[in-house]
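# Secondary and tertiary structure notes
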Amino acid sequence: MLEKFTNSLEKILMPITNYMNSNKYVLAIRDSFTIMMPVVIIGSFALLFNILLFSTSGLAQFKGFEWLSNYSSIMSTVVFATINCMSLWIVFLMGYSLADKDGQSRLLPALIATVSFLVVSDQENLLSNLGATSLFLAFIVSIISSIVFGKLSRIEKIKIKLPDSVPPMISQSFNALIPAWITVTIFGIFSGVLFGTTGLYINSIIYNIIQVPFNQIVGSQLGVSIIVVLSQLLWWMGIHGHMAMNVIAKPVRAAAIAANIAAVSAGLVPKEFYTLAYVHLFTNLGGSGIVISLALSILVFSKKKEYKDITKVSMVPLICGISEPMVFGLPIMLNPIFLIPFVLVPLITANIGYYAITSGFLTTSYVESIAGMPMVLQQILSFSGQWQALLMIVIVITIGFVIYTPFVLLSNKTNSEGSLE
């Protein structure tokens with residue numbers, strides 16, 4: 001029975017996973033957001049410091065600390081350069097990544113992709129269209145630019161040849177001059193014709209037709225629930241589910257944190273719930289599957305020495321959200337006893353988190369969460385010190401503990417092969 005179930009999952013999920021792990025464009029999106037993460041963290045903390053320290057509603061409002069307000073504009077500039085220019089950096093990183101995978105010189109294709117992105121962007125509101133609202137445009141421009149420039153760069157007849165005495169860097173630049181010019185010109189002509197005929201820029205069209213519906217679907221309660229289930233099933237099969245689903249989830253979470261930062265900067269209440277802080281609190285607290293709850297249940301109820309030994313070794317990583325020692329050491333992977341709670345616990349806590357935020361009990365995060373940071377400290381920082389976040393840690397772990405415990409008791413009745421004795 002278990003073998004049939006596993007084979008069915010493999011037939012459904014493996015082709016999707018293999019595609020995501022082999023398609024260079026999908027990998028470029030994933031890698032770009034991974035590289036971008038420190039920049040997003042810097043921007044979100046700059047906003048937090050600005051609110052707490054440098055604004056007239058923070059520490060700067062008190063006598064003796066008024067001088068702090070002089071630095072508010074610096075923090076605002078950091079937010080703009082990091083969060084409000086997110087798409088600009090993503091298009092460069094994708095161009096760099098795609099060139100690397102094509103075996104090209106990497107910097108020039110990345111630069112051409114960035115220039116092409118600016119060429120097709122809304123020229124009337126350029127600075128306000130470099131953020132998360134243009135992420136899908138960044139994806140599309142990077143991919144098309146890499147294809148066009150890559151193909152043109154392989155045509156020897158359009159390369160400008162310089163003598164061998166010319167330094168290689170200069171020679172390479174002249175070799176790429178005509179391909180670069182043609183690539184940028186194609187984007188420029190397209191943008192001009194589109195605006196001339198419709199009065200619209202491509203970023204507005206893509207945002208309204210593609211990005212908004214995509215974000216609404218993936219970032220909805222149902223969308224997040226599906227991502228959680230698929231992620232857990234992949235983990236159970238021995239595949240890093242969180243990483244596999246990040247290709248879909250990361251752009252949505254990036255747009256969400258950017259929208260929340262923009263709302264807070266404007267003095268409004270942030271609304272987007274599906275941020276990395278939400279993931280670290282409600283779906284991956286103490287490791288994927290909330291396995292820290294399983295670890296606690298094992299320490300209390302398990303009669304198996306090997307389970308307790310693995311759990312003790314895994315506790316420190318689990319506190320930092322690293323679940324691999326438990327998933328592969330216990331193992332949870334392909335273990336029929338723990339399949340149901342491993343999927344069910346984060347699904348339930350994810351929906352509890354959704355209602356906690358949408359009801360107003362917990363204000364959603366506008367500070368990017370830092371992966372690998374110990375729980376409690378992680379939630380204090382990412383949820384701006386809200387006591388509700390600390391309460392939710394206790395609730396999430398308790399719910400996981402209650403659900404995992406019957407299966408831990410059941411595991412006491414199994415032999416070393418996992419069969420009931």
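Structure shown above.
Residues numbered from 1 in each chain as written. Predicted model: local features only at pLDDT ≥ 70, side-chain atom pairs only at ≥ 80, totals over all residues. Heavy atoms only, no water.

## Regarding the overall build of the chain
Across its full length, the chain holds 18 helices and zero strands. When each of the 421 residues of the chain is scored for burial, the buried share is 49%. Of the contacts made within the chain by residues no fewer than 6 positions apart, 71% connect residues no fewer than 24 positions apart. Accessible surface, the chain: about 19,500 Å² in total, of which carbon and sulfur atoms supply 70%. (Helix = DSSP H or I, 4+ residues; strand = E, 2+ residues; numbered from the N terminus. Buried < 20%, exposed > 50% of the residue type's maximum accessible area, 1.4 Å probe, protein only. Contact = heavy atoms within 4.5 Å. Areas by Shrake-Rupley, 256 points an atom, 1.4 Å probe, with all protein chains shown as cover.)

## Description of the packing of aromatic side chains
Using the criterion set out here, one finds 16 aromatic pairs in the structure. Both rings, one in F273 and one in Y278, keep their centres 5.1 Å apart while their planes meet at 85 degrees; by these two values the pair is edge-to-face. One aromatic cluster in this structure is built from F273, Y274, Y278, F282, Y354 and Y355. K304 extends its terminal NZ or CZ atom over the ring of Y307, reaching a point 5.0 Å from the ring centre. (Phe/Tyr/Trp six-rings, centres within 6.5 Å; stacked < 30°, edge-to-face > 60°. Lys NZ or Arg CZ within 6 Å of the ring centre and 35° of its normal.)

## Comments concerning unusual backbone geometry
For the bond from L330 to P331, the omega torsion is -10 degrees, close enough to zero to count as cis. Here P331 shows up in the loop between α15 (324-329) and α16 (336-358). Here V376, not a glycine, exhibits a phi torsion of approximately 80 degrees, which is positive. In this fold, V376 is placed in the loop between α16 and α17 (377-382). Residue class for V376 comes out partly exposed when judged on its relative accessible area of 39%. Backbone geometry at S384 places phi at a positive 55 degrees, although glycine is not the residue there. Relative to the helices and strands, S384 resides in the loop between α17 and α18 (387-411). Classification of S384 by relative accessible area gives partly exposed; the value is 29%.

## A short note on helix α8 (residues 177-198)
Along its 22 residues, α8 runs 32 Å from first to last C-alpha, staying within 8% of the 32 Å computed at 1.5 Å per residue. Every buried residue belonging to α8 is among P179, A180, T183, V184, F187, S191 and L194, and all of these are buried. All buried residues of α8 project into a common sector of 130 degrees when viewed along the axis, lining one side. Structural note: α8 exposes W181, I189, G196 and T197 on the side pointing more than 90 degrees away from its buried face. Looking at the residues trailing α8, positive phi occurs at G199, about 75 degrees. (Expected span 1.5 Å × (residues − 1). Arc of directions from axis to C-beta.)

## Structural notes on the environment of V376
As a C-alpha pair, V376 and V394 span 18 residues in sequence and 9.9 Å in three-dimensional space. In this view, V376 contacts L390 and I393; residues no more than four positions away in its chain are not counted.

## A look at a nonpolar patch on the surface
Nonpolar side chains collect at one region of the surface, where F62, F65, W67, Y71 and I74 lie side by side and expose about 520 Å² of accessible area between them. Mapped onto the elements, Y71 comes out in the loop between α2 (24-54) and α3 (72-82). Under the relative-accessibility criterion, Y71 is labelled partly exposed at 40%. (Patch = residues over 30% accessible without salt bridge, like charges linked within 9 Å, V, L, I, M, F, W, Y side chains within 5 Å. Salt bridge = Lys/Arg side-chain N within 4 Å of Asp/Glu carboxyl O.)

## Considering helix α10 (residues 221-236)
The first and last C-alpha atoms of α10 sit 23 Å apart over 16 residues, in line with the 22 Å expected at 1.5 Å per residue. Along α10, the residues classified as buried are G223, V224, S225, I227, V228, S231, Q232, L233, L234, W235 and W236. Once α10 ends, the next one or two residues include G238, with phi positive near 95 degrees.

## Looking at the environment of F407
Secondary-structure assignment places F407 in helix α18. Sequence separation between F407 and L339 is 68 residues, and the spatial gap between their C-alpha atoms is 9.5 Å. In this structure F407 touches I337, F338, I340 and P341, once residues within four positions along its chain are discounted.

## Examining the environment of F214
Within the secondary structure, F214 is located in helix α9 (residues 202-218). Each C-alpha atom of the pair F214 and I248 lies 9.5 Å from the other, and the pair is 34 residues apart in sequence.

## Some thoughts on the pattern of salt bridges
Tallied over the entire structure, the rule returns two salt bridges. For R30, the salt bridge goes to D31, with nearest N and O atoms at 3.4 Å. Overall, the relative accessible area of 18% leaves R30 in the buried class. In this structure, K305 and D309 form a salt bridge, with 2.8 Å as the shortest nitrogen-oxygen distance. In this pair, K305 and D309 are both assigned in helix α14 (residues 305-319), four residues apart and thus about one turn of the helix distant.

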